[in-house]
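A closer look at the structure
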Amino acid sequence: MATVGILPREDATNGWSRILPPRRPAASLAADLRADWLVVGAGFAGLAAARRLALNRPEDRIVLLEAHEVGEGASGRNSGFAIDLPHNVGGEFQELGEAERYIRLSRAAIDHLDACVARHGIDCGYTRRGKYHAARSELGRRKILEPFARSLDALGEPYRWLDAAGLEREIGTSYHSSAIYTPGGRLLNPAGLTRGLAATLPGNVTLHERTPVLEVEERNGIRATTPGGTVAARAMILAVNGYAPQFSAFRGALLTFAGYGSLTRPLTEAEHRALGGVEDWGLTPVNSIVGVTMRYTAERRILIRHRFRYAPGLRRADAEMADIRLGHRRAFEARFPMLPEVGIEHSWRGFVCLSRNHAPGFGKVGPHSFAAVCQNVVGVTKGTISGVLAADLATGRDNPLIADMEAQGKPARLPPAPFLDFGVHARLALDEIRWRKER
C-alpha cells in the first residue's frame, strides 16, 4: 500500500486561471465507486490518458481524480508553449536520432491538441505562432543557437535567423542579440486549455475535482482511498508528475523544482503601439535556468517566466514570492523600457519535475498500474503524448510511438542526500555564473 504524504497546496494565485471566467468544478468524490480504469491527475497527461482510454474502450467506465481544480495545478501554470522541436532546460540539442524521435512524439501531441481544440471549440488563446529561441550573449549564440541551426539543417526543418534589429521589429524588444524562429509550435493559455479538455471529456469518463488520493492499494486491481470515498478499478494510470514517488513510482529518481511566472495587466492601445503593434508571440531563452521566458498574449498581456529553485519536498516558503515578483518586474523593465506604466497583475509558483538523464517516467510500474509522469519542463506536449501512449500501452493498442517513448529510457537513480542536494545547488550556481549574461 502506498500512503500519500504530500498533497498539492491551493493558493489561488495562478494568473492564467485568474484572467479566465469563473467555472464550477466537478463534484468531489463522495461515494465508493467501481470502475474499469482509474486515472489520477487531471493535467495534460491525465486528461489525454482518460480521453484515449475512452476512445480505446468505449464500453469501459473511467474515473479521473484531480486533487486540485482543473487548471490550478502544474499543467495550468506553465508558460503556454506546445513545443515541437527538442527543447530542454540546459539548452543542449540532442543527437539526430533522438531529435527525430522527439519530433515525432511532440508533433503527435500537437496533432492531438489541434484536433481537440478545433472539434470542441476550446477557447484558450490557441494560436499557431511558432516561437523564438533567443540569446543575449555571444556564448548563447555560439554554444546553443548555432548548433541548433546546424541540427535543424540536418533535420530539414525550416527556421529563420534574426539579429537584434530584426527581433525588435517582430516582438518589440531588442534585448536579445540573436534568435532563431521556428514555425511549428503553438501558443496557448494552459489553464484555459486544460479546462476545455476537461469539459469535453467523453461520456464514459467521470471527473472528480478536489479529490486527492490518500492511499493506493494494488492487489487484484486498484483500490484508491480519498477523503470522501474510494475507487476500485481494474487498473490505474498515474499522471501526477513530481508527486509520483508518493505513489511508490520512480522513488529516488525524480527531481522537483519550483518555477515562477507573472502576467502584466493588458496593454492599452497606446502601449500596444509603443511596443510596435506586434501580434502575439513567444520566446524561450537559450538557458531556461538563468534566462527569461516571455509571451505576448492575444489579450495583450506580457508573461515573464523567470527563476527555478530546488524544491525536493514540493514546497517553498510563501515569503519568497515578494522577491520573485520584484525580480520579474526588473526583468520586464530591462526588456520593455517603452512600457514604464505597465504593472504586474498576477504572480505565481508551480512545481516541475525532471529526471537526471531527461528520461520520462513512462510505462508499467506495477501489476495493475501505469505511469505518465516526469515531463522534464515541456509539459504541454510531453504530458499529452505520454498520457495518450500510456493509455495505448495499458489497453494493448498497437502504436509505433510507444517504442519512441520507451527508447528514451527510464529516469536514472539519483545520489543520496546530502550529496544530491549539494550537487543540485552547485549545478544551479554554476549555471548562474556561466550564463549570467542571459539574465
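Our structure's up above, just so we're on the same page.
Residues numbered from 1 in each chain as written. Predicted model: local features only at pLDDT ≥ 70, side-chain atom pairs only at ≥ 80, totals over all residues. Heavy atoms only, no water.

Digging into the packing of helix α2 (residues 44-56) against helix α6 (residues 190-199)
- Close contact between α2 and α6 brings their axes to 10 Å; oriented N to C, the two are set at 20 degrees. Classified by the angle their axes make, α2 and α6 are roughly parallel. Of the two possible hands of crossing, α2 and α6 adopt the one that is left-handed. In contact with F44, L47 and R51 of α2, α6 contributes P190, L193, T194, L197 and A198. (Axes fitted to C-alpha atoms, helices over the stretch in contact; angles between N-to-C directions. Helix = DSSP H or I, 4+ residues; strand = E, 2+ residues; numbered from the N terminus. Parallel < 35°, antiparallel > 145°, perpendicular 65-115°, else oblique. Left-handed = near helix turned anticlockwise from the far one by under 90°. Contact = heavy atoms within 4.5 Å.)

Brief notes about the packing of aromatic side chains
- Across all of its chains, the model carries five aromatic pairs by this definition.
- Ring centres of Y132 and Y181 lie 5.0 Å apart, and the angle between their planes is 50 degrees; this geometry places the pair in the tilted category. Of the two residues, Y132 sits in strand β5 (residues 131-135) while Y181 sits in strand β7 (residues 178-182), which places them 49 residues apart along the sequence. Each member of the pair Y132 and Y181 is classed as buried.
- On the basis of an interplanar angle of 40 degrees and a centroid distance of 6.4 Å, the ring pair of W281 and Y296 is categorised as tilted. (Phe/Tyr/Trp six-rings, centres within 6.5 Å; stacked < 30°, edge-to-face > 60°. Buried < 20%, exposed > 50% of the residue type's maximum accessible area, 1.4 Å probe, protein only.)

Considerations on the packing of helix α3 (residues 96-120) against helix α4 (residues 138-155)
- The contact between α3 and α4 brings their axes to 11 Å, and the two run at 75 degrees. The orientation of α3 relative to α4 falls into the category roughly perpendicular. On α4, the residues touching L96, A99, E100 and I103 of α3 are S151, A154 and L155.
- Looking at the contact of α3 with α4 residue by residue, the class counts come to five nonpolar, one polar and one charged. (Nonpolar A, V, L, I, M, F, W, Y, C, P; charged D, E, K, R; others polar.)

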